[in-house]
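An overview of the molecular structure
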Amino acid sequence: MSLTDVTDLHEEFDGDRLPPGQRETSKFPVLSKGGTPDWDPETWEFTVSGAVDDELAFSWEAFRDLPTETQRQDFHCVTGWSKFDCEFTGVPFATLAERAGVDDEAVHVMFSALDGYTTDLTLEECMREEVLFVYEYDGEPLAREHGGPLRVVTPHKYAYKGAKWVDGVEFLTEPERGYWEKRGYSDTANPWREQRYS
Ligand SMILES: Nc1nc2c(c(=O)[nH]1)N[C@H]1C(S)=C(S)[C@@H](COP(=O)(O)O)O[C@H]1N2
Ligand SMILES: [Mo]
C-alpha cells in the first residue's frame, strides 16, 4: 500500500506542526452539531452537481470502485485540539472534479451531508492533493460517529471544513457560506493564521 505523508504541510505556512493556540491530543474526540444520522447503503447516493460538464451520481458500491489513496495527515479542530498522524484512505477531490469536468466559471464548492450540515471552500483549496473523500481510518472502515460511511478531510484547514456523512458536492460560480461559516466561523479557516472566526 502506498502512503503519502502530508504532515509537513505546515511548512508551506511557515508554521510549527502544532498550529498556534492548539494542544495535541492522542484521542479522537467526536464533534457533531447533532446526532449521527442514519444511512442506508442500499439507497445512499453521492452526487456531484452544479457548474460541471457532467453531473455524477454514485451508489455506495460504485463509489467504492473509484481509485483511492492513503495519506498520513494531521487534524486540527477549531475548538483547540489537534490529532497527529491520522491515516485516511479515500478518493481525492481532484479525481471527482476531473470526472465531472469542472466549468471554467466555477470558483467555489459547497459540501452537503446527511445531517443537514454544509461547508464551503474555494475551488482552489479543494483541488489540493490532501482533500479526500475518506471511508477508511487506520485501515478500518470509518466509524459512524466520525462521518462514516464517507467524510471529507481538510488538513490544511480547521476540521469543520471537512463534512462528515458527506453525500453531495456542488460546484458554484459564486461563493456561498456553509453551516458554521454563516454562524461566525471563518470562511478561510487556516490553522497557522488562527483564522477561527470571521
Ligand atoms: N456533517 C457534519 N460534518 C461535520 C460536523 C458536523 O456537525 N456535521 N462537524 C465538523 C466539526 S466542527 C469538526 S471539528 C469535525 C469533527 O470531526 P470528528 O467528529 O471526526 O472529530 O467534523 C466537522 N464535520
Ligand atoms: Mo470543530
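Each remark here, short or long, concerns the structure printed above.
Quick notes on the rules
- Residues numbered from 1 in each chain as written.
- Chains lettered and ligands numbered in written order.
- Predicted model: local features only at pLDDT ≥ 70, side-chain atom pairs only at ≥ 80, totals over all residues.
- Heavy atoms only, no water.
- Helix = DSSP H or I, 4+ residues; strand = E, 2+ residues; numbered from the N terminus.
- Rg over C-alpha atoms; globule rule 2.2 N^0.38 Å.
- Buried < 20%, exposed > 50% of the residue type's maximum accessible area, 1.4 Å probe, protein only.
- Contact = heavy atoms within 4.5 Å.
- Areas by Shrake-Rupley, 256 points an atom, 1.4 Å probe, with all protein chains shown as cover.
- Lys, Arg positive; Asp, Glu negative; His and termini not counted.
- Charge placed at Lys NZ, Arg CZ, Asp CG, Glu CD.
- Pairing = 2+ DSSP bridges.
- Near = heavy atom within 4 Å.
- Polar contact = N/O pair within 3.5 Å; in protein donor to acceptor, adjacent residues only side chain to side chain.
- Nonpolar A, V, L, I, M, F, W, Y, C, P; charged D, E, K, R; others polar.
- Phe/Tyr/Trp six-rings, centres within 6.5 Å; stacked < 30°, edge-to-face > 60°.
- Lys NZ or Arg CZ within 6 Å of the ring centre and 35° of its normal.
- Patch = residues over 30% accessible without salt bridge, like charges linked within 9 Å, V, L, I, M, F, W, Y side chains within 5 Å.
- Salt bridge = Lys/Arg side-chain N within 4 Å of Asp/Glu carboxyl O.

1. Remarks on the overall build of the protein chain
Per the secondary structure count, the protein chain includes 4 helices and 12 strands. Relative to a compact globule of 198 residues, whose C-alpha radius of gyration would be 16 Å, the protein chain shows 16 Å and is just as compact. A principal-axis box enclosing the C-alpha atoms of the protein chain has dimensions of 40 × 35 × 35 Å. Residues classed as buried in the protein chain amount to 51% of the 198 residues present. Counted over contacts in the protein chain with a minimum sequence separation of 6, partners at least 24 positions apart contribute 70%. Carbon and sulfur atoms make up 43% of the accessible area of the protein chain, which amounts to about 9,300 Å² in all. When the 19 basic and 41 acidic side-chain charges of the protein chain are each reduced to a single mean position, those positions are 9 Å apart.

2. Some words on the pairing of strand β7 (residues 108-113)
Burial of β7 is extensive: 5 of the 6 residues sit out of reach of the surface. Bridging between β7 and strand β8 (residues 118-122) involves 5 bridges; their strand directions are antiparallel. When the sheet's bridge partners are listed, Ser112 is paired in β8 with Thr118. Connecting β7 to the antiparallel partner β8 that follows it, the hairpin turn spans 4 residues, and Gly116 within it adopts a positive phi of roughly 85°.

3. Points about the site of ligand 1
Taken together, 20 residues are adjacent to ligand 1, and Pro29, Lys33, His146, Arg151 and Lys164 come closest. Contacts to ligand 1 include Arg151, whose side-chain N or O atom sits 2.7 Å from an oxygen atom. With respect to ligand 1, the side chain of Lys164 contributes an N or O atom lying 2.5 Å from an oxygen atom. Bound to the protein, ligand 1 loses 97% of the 530 Å² it would expose on its own. When its residues are assigned to classes, the shell around ligand 1 shows 13 nonpolar, 3 polar and 4 charged.

4. Some points on the packing of aromatic side chains
Summed over all chains, the structure comprises 27 aromatic pairs. Here Trp60 and Tyr135 contribute two aromatic rings whose centre-to-centre distance is 5.7 Å and whose plane-to-plane angle is 75°, an arrangement assigned as edge-to-face. Within this pair, whereas Trp60 is found in helix α1 (residues 60-63), its partner Tyr135 is found in strand β9 (residues 132-137), the two being separated by 75 residues in sequence. Neither residue differs from the other here; Trp60 and Tyr135 are each classed as buried. An aromatic cluster is built from Trp39, Trp44, Phe46, Phe58, Trp60, Phe63, Phe93, Phe111, Phe133, Tyr135 and Phe171, whose rings are joined through pairwise contacts. In this arrangement the basic side chain of Arg17 is found over the ring face of Phe84, its NZ or CZ atom lying 4.2 Å from the centre. Between Lys33 and the ring centre of Tyr179, over which it is positioned, the NZ or CZ distance is 5.2 Å.

5. A word on the environment of Tyr197
The topology assignment puts Tyr197 in the segment after α4 (179-182). In this structure, the C-alpha to C-alpha distance between Tyr197 and Val78, residues 119 residues apart in sequence, is 9.2 Å. In contact with Tyr197, other than residues within four places in its own chain, are Gly184, Tyr185 and Ser186.

6. As for helix α2 (residues 93-100)
Along α2, the positions that sit buried rather than exposed are Phe93, Thr95, Leu96, Ala97 and Ala100. Looking one or two places after α2, you find Gly101, whose phi comes out positive at around 75°.

7. Here's the deal with a negative patch on the surface
On the surface, a cluster of negative charge is made up of Asp40, Glu42, Glu61 and Asp65. Turning to its location among the elements, Asp40 is positioned in the loop between β2 (23-24) and β3 (45-50).

8. Concerning the pairing of strand β12 (residues 166-172)
With 5 of its 7 residues buried, β12 lies for the most part within the structure. In this sheet, β12 lies alongside β3 in parallel orientation, the contact comprising 4 bridges. Residue pairing in the sheet places Ser49 in a bridge with Glu170 of β12. Bridge count between β7 and β12: 6 bridges; the pairing is antiparallel. Looking at β12, one finds that Phe111 is bridged to Val169.

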